[in-house]
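An overview of the molecular structure
Listed below are the residues making up each chain.
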Amino acid sequence: MIKKTVPNVEEALKGVKDGMTFMLGGFGLCGIPENAIAQLVNLGIKDIICISNNAGVDDFGLGLLLQHKQIKKMISSYVGENDEFERQMLSGELEVELTPQGTLAEKCRAAQSGFPAFYTPAGYGTEVAEGKETREFDGKMYVLEPAFKADFSFVKAWKGDEAGNLIFKGTARNFNPCMCGAAKITVAEVEELMPVGSLDPNEIHISGIFVQRIFQGEHYEKRIEQRTVRSR
């Protein structure tokens, strides 16, 4: 029986180094790998490239790495909730590559599937397409987008088993699945770590073949990015 469990986040992140490229799952603050991000902060690694839909908020998520100026380059689709991100970007301290959201997801999926690149109409005729190959198909122009290359993918799931099979819950099934297997090493943190065979095969979203390390996460805050309540 193949077991991919590691005892804690410290073991899960063994091998991370300065200058590496990381994929981090989640959307806003939903489904982010909180334990992995906290450990990256604790390790103090620097000059990293982060691929994530967005950059967290000032005091949570990837915002913690930005606070400590550990990120050299951010590749994302939306960055509007983080004042420190804005400051670093405008001052030239942080390199930013904005990518259409669907393209960002597909660049992850291409890497997951072993495809080097794909054509998409998104971004044609804009600065997104600058320096990239374009081609016409059936009278419509497309941009050639390369798949991502990353050293680690950090994802967060609701349940997982010791073989690395994962189930995501609700909206947390966002960028997490397409980042599994899209890097050299995929690390999954889960709310519930189960024995092999305890998950219903029909409910598994990602097979363990895409995961190299899995551990039981702790102390999840699960913050809401902008809490809005109606006035009474």
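So, a few notes on the structure that sits alongside this text. Note that this is a predicted model, so its numbers are computed, not measured.

**A few points about unusual backbone geometry**
The phi torsion at Lys-69 lies on the positive side, around 55°, for a residue other than glycine. Look at His-219: it is not a glycine, yet its phi comes out positive at around 55°. By secondary structure assignment, the location of His-219 is in the segment after strand 11 (213–216). Residue classification places His-219 among the exposed positions, given a relative accessible area of 73%.

**With respect to the packing of aromatic side chains**
Summed over all chains, the structure comprises five aromatic pairs. With centroids separated by 5.1 Å and ring planes inclined at 65°, the aromatic side chains of Tyr-119 and Phe-137 adopt a geometry described as edge-to-face. With Tyr-119 in strand 5 (residues 117–120) and Phe-137 in strand 6 (residues 134–137), the pair connects residues that are 18 residues apart, well separated along the chain. Given a relative accessible area of 31%, Phe-137 falls into the partly exposed group. On the numbers, 5.6 Å between centres and 10° between planes, the contact of Phe-152 with Phe-154 is stacked. In textbook terms, an aromatic cluster arises when at least three aromatic residues are bridged by ring pairs, as seen for Phe-22, Phe-152 and Phe-154. The ring of Phe-148 is capped by Lys-107, whose NZ or CZ atom sits 4.9 Å from the centre of that ring. If you follow Lys-169 out to its NZ or CZ, it ends over the ring of Trp-158, 4.9 Å from the centre.

Reading the values: the criteria
- Residues numbered from 1 in each chain as written.
- Predicted model: local features only at pLDDT ≥ 70, side-chain atom pairs only at ≥ 80, totals over all residues.
- Heavy atoms only, no water.
- Helix = DSSP H or I, 4+ residues; strand = E, 2+ residues; numbered from the N terminus.
- Buried < 20%, exposed > 50% of the residue type's maximum accessible area, 1.4 Å probe, protein only.
- Phe/Tyr/Trp six-rings, centres within 6.5 Å; stacked < 30°, edge-to-face > 60°.
- Lys NZ or Arg CZ within 6 Å of the ring centre and 35° of its normal.

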